[in-house]
Amino acid sequence: MKKSRYIGKYVHGGGELNGVDGHIVDVKIETDEIFGKETWFYVKDECDGSIHKFAKEELKEIVIGFVYRDLI
């Protein structure tokens, strides 16, 4: 996986009501004793600047305004 292709993408992470909108600032592959290797995407919230950690399945790319599509 080439992580540089994801950094800077404008995404929505989490649920519709309590998710965050922001840009991907980092992608890390972390090893867990139970699940093995997992890829995590770090998104900087555009409202308060906090960093949130999401799995790829939890992210939707924001294309135009409020149109979401799966992150490919």
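Residues numbered from 1 in each chain as written. Predicted model: local features only at pLDDT ≥ 70, side-chain atom pairs only at ≥ 80, totals over all residues. Heavy atoms only, no water.

## Structural notes on the overall build of the protein chain
Looking only at helices and strands, one finds zero helices and six strands in the protein chain. Starting at the N terminus and ending at the C terminus, the protein chain contains elements arranged as β-β-β-β-β-β. Relative to its length of 72 residues, the protein chain is compact, with a C-alpha radius of gyration of 12 Å against a globular reference of 11 Å. Along the first, second and third principal axes, the C-alpha atoms of the protein chain reach 40 × 25 × 20 Å. Residue burial in the protein chain is summarised as follows: out of 72 residues, 28% are buried. Here the contacts in the protein chain between residues at least 6 apart in sequence split such that 33% fall between residues at least 24 apart. A total accessible area of about 5,100 Å² is found for the protein chain, and carbon and sulfur atoms account for 54% of it. Positive and negative charge centroids in the protein chain, built from 11 and 14 side chains respectively, lie 9 Å apart. (Helix = DSSP H or I, 4+ residues; strand = E, 2+ residues; numbered from the N terminus. Rg over C-alpha atoms; globule rule 2.2 N^0.38 Å. Buried < 20%, exposed > 50% of the residue type's maximum accessible area, 1.4 Å probe, protein only. Contact = heavy atoms within 4.5 Å. Areas by Shrake-Rupley, 256 points an atom, 1.4 Å probe, with all protein chains shown as cover. Lys, Arg positive; Asp, Glu negative; His and termini not counted. Charge placed at Lys NZ, Arg CZ, Asp CG, Glu CD.)

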